[in-house]
Amino acid sequence: FDVTFSTTSGHKVPSTLYGLMFEDINSGDGGLYAELIQNRAFQQVTPGTSAALTAWATLGSASIAVVKSSSPVSTALPNALSFKPTATSGTVGFTNDGYFGIPVTAGWKYTGSFFYRTPTPPATKISSSFTVGLRSTSGTVFTSTTVPFTTSSSWQQATFTFTASSTQTSVTNLFALTVNAATIGELTMEFTLISLFPPTFNNRANGMRVDISEALLAMDPGFFRFPGGNNLEGQTPAQRWAWESTVNSLVDRPGRLGTWGYINTDGLGLYEYLQWIEDMGMEPIMAVFAGYTLNGASVAQNSLQTYITEAINQINFAIGDASSNPQAAIRSAMGHPEPFDLTYIEIGNEDFFSSTTYTNYRWSAFVDALSAEFPQLHYISTSATSGSVPKLTPAPTYWDLHIYSNPNFFINGAFNFDILPRNGLQFFQGEYATTTQNSGATLAYPFIDGSIAEAAYMTGFDRNSDIVFAASYAPLLSSVSSIQWTPDLINFSPNSLILSTSYYVQKLFSVYKGDFYLTSTTNTASSPVQWSVTRDTATSQYFLKRYHSEHCSLHAPIHPASTAGTGTILTAAPGTMNTPTKPTAAVPSNFSFTAGKTITYNAPGLSLSVLVVVS
Ligand SMILES: [NH3+][C@H]1C[C@H](O)[C@@H](O)[C@@H]1CO
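Here the structure is a predicted model, which is why all the values come from computation and not from measurement.

J.: I tried to follow the pairing of strand 20 (residues 426–434) on my own but got confused; where do I start?
T.: One face of the sheet, then the other: side chains in a regular strand alternate in exactly this way. Among the nine residues in strand 20, nine count as buried, and that is most of the element. Judged from the eight bridges that link them, strand 19 (residues 398–405) and strand 20 form a sheet pairing that is parallel. Bridging across to strand 20, H402 finds its partner in E431. In this fold, the crossover linking strand 19 to strand 20 by way of helix 8 (residues 407–412) has right-handed handedness. Taken together, the four bridges between strand 20 and strand 21 (residues 468–473) define a ladder with parallel strand orientation. Following the sheet pairing, Y432 is matched in strand 21 by Y473. After leaving strand 20, the chain enters helix 9 (residues 448–463) and then returns to the sheet as strand 21, a path that is right-handed.

J.: Before we go on, may I ask you to explain the site of the ligand in this structure?
T.: Contacts to the ligand come from E23, G229, N230, W260, N349, E350, H402, Y404, E431, P475 and W485. In the environment of the ligand, an oxygen atom lies 2.8 Å from a nitrogen or oxygen atom belonging to the backbone of N230. N349 is positioned such that a nitrogen or oxygen atom in its side chain is 3.2 Å from an oxygen atom of the ligand. When the free accessible area of the ligand is taken as 290 Å², the share hidden by the protein chains comes to 95%. Tallied by class, residues from the shell around the ligand come to four nonpolar, four polar and three charged.

J.: How should I be thinking about the sheet that holds strand 11 (residues 173–180) in this particular structure?
T.: Remark on secondary structure: sheet strands pair via backbone hydrogen bonds, oriented parallel or antiparallel. The strand order 3-6-11-8-9 describes an open sheet built from five strands, whose pairing is antiparallel. Each edge of the sheet is formed by a strand with only one pairing partner; in this case those strands are strand 3 (56–59) and strand 9 (141–150). Going across the sheet, the axis of each strand differs from the next one's by a mean of 20°, ignoring polarity. Two strands pair when backbone bridges link them, and strand 8 (residues 127–136) and strand 9 are joined in this way by nine bridges, in the antiparallel orientation. Bridge assignment links T131 to a residue of strand 9, and that residue is T146.

J.: How should I be thinking about the pairing of strand 17 (residues 344–347) in this particular structure?
T.: The alternating pattern of strand 17 places Y344 and E346 and I345 and I347 on opposite faces, both of which are buried. When strand 16 (residues 283–288) meets strand 17, the two strands line up parallel, connected through four bridges. Directly across from A287, in strand 17, lies its bridge partner E346. Note: strand 17 against strand 18 (residues 378–381), three bridges, orientation parallel. Bridged to E346 within strand 18 is I380. Between the parallel elements strand 17 and strand 18, the chain passes through helix 7 (residues 357–373) in a crossover that is right-handed.

Cut-offs applied
Residues numbered from 1 in each chain as written. Predicted model: local features only at pLDDT ≥ 70, side-chain atom pairs only at ≥ 80, totals over all residues. Heavy atoms only, no water. Buried < 20%, exposed > 50% of the residue type's maximum accessible area, 1.4 Å probe, protein only. Helix = DSSP H or I, 4+ residues; strand = E, 2+ residues; numbered from the N terminus. Pairing = 2+ DSSP bridges. Right-handed = clockwise from strand over helix to strand, strands pointing away. Near = heavy atom within 4 Å. Polar contact = N/O pair within 3.5 Å; in protein donor to acceptor, adjacent residues only side chain to side chain. Areas by Shrake-Rupley, 256 points an atom, 1.4 Å probe, with all protein chains shown as cover. Nonpolar A, V, L, I, M, F, W, Y, C, P; charged D, E, K, R; others polar. Axes fitted to C-alpha atoms, helices over the stretch in contact; angles between N-to-C directions.

See below:
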């Protein structure tokens, strides 16, 4: 195929063109959010049930149960772990097995804390010490430290650190809190908010996992859509993601039964999201609950004001003036006096499942009220997973559309945006992924056929980035041990990541998006080769991204001076996927080539190549 491209005509590429969509779908607690202790505060559990003790077990001669504390540590955290030795000597205590394991990594400084009290302290106070540490399930202690205590009926908070001196290949490890029974006899003590963090990204307290953050940072992501997705909505209004329950101290956060059927601690709350997004250099696309819930119901028009006010307060938490606005004052007290950067607000998620209420009143009620309060922000309307541009009043200027399909759809869809009107409406491909094979078979992990098909579709995002301002694969993350939606861009275990073939496609397009799209000859839809050419003005590099579904060569004239070029190619045999057992079955490789007046480049089928030349 001959490709010619202009070095002058084209259009700017928005910095937000490629980014990340996130919600807690087996991906927040135990994933991006770095807390290592599962069920750390017994949130939203029923005392006395075995489920209330998820992840906890006794160690030695002791008994434990979750109780409703007679004097809770806070209103938000009414429950506590009641612990009682059942012997008067020996080491006794309890353990937590983490989120499907706990990594022990040499050099890591772990930071922990817990609240404790003695509901009925002895007349003569007892002073002793707890030992906290990490150990194998067979009792080998990898690291530990001691925390002195004196019995008291009021809650005390202990803080501690310890450092691991070895790296354990197994993650089947335990956090243990023990005490010498000889010192306290059969005394009942209560514990809650028992927390342990590894090193976090940018060393933030209550922060995010380093390896996941770094893998995402390597994608040069332009934006971060949060907190959902379905997890924004909940099954009922009472179960929605309510921002106010996710801020202030961890003792003030009750947690909630998330949309995906497990309890969210909300330790990853609005502040942590915004701080991490800022640390990662991304633009937030912050969603507000808009009155549609996943039981199919919509909040009635005359009951919306509560949620409109909640959305206004959520935005003020992010960008309000801390000296005059109470929600902004919470942000300031948490450590960020200055407003966060915020431009985009999404009103709801996939609201066209509600058929009429978004069109009839919910969109206009929210966007009229919010744009009156915050005229400087951009408001994104949502859609169902397909469908035409929504008929909304006021007409949206930004529209989020989602598509999950098979390789053929994405290969045939490379020109889907070329035919759309240039009338001011900006598109956000907020969720997309190859979820099935062309046969319809579902995918446990992305596979090269689907990832390369996504690349064909993404050449369309480059070419139409005058009206496509953002695009993100979904879902972004999932634990390998607890999965509800496949495939995912990245899967993770407690100490490893599986970067999928689609991860590499997203990374190549995002890292080489440049800042200016150069008009080039194009192919036709469903062709076996699609390409896009962009330029990075600062480095005067040209990026030629090419998707190949079959072997062919491509000739591209390169303007003066270029002699040497560097390239990256992702290719693999049909059906190849990166999995927990074969995490690097398909990874990109780099090469160099001689540039000149033209480039002749042969690429195998099922490949994505990026050719970089300096003009
Ligand atoms: N049903 C998908 C669409 C919704 O917005 C997400 O929560 C789900 C997984 O990405």
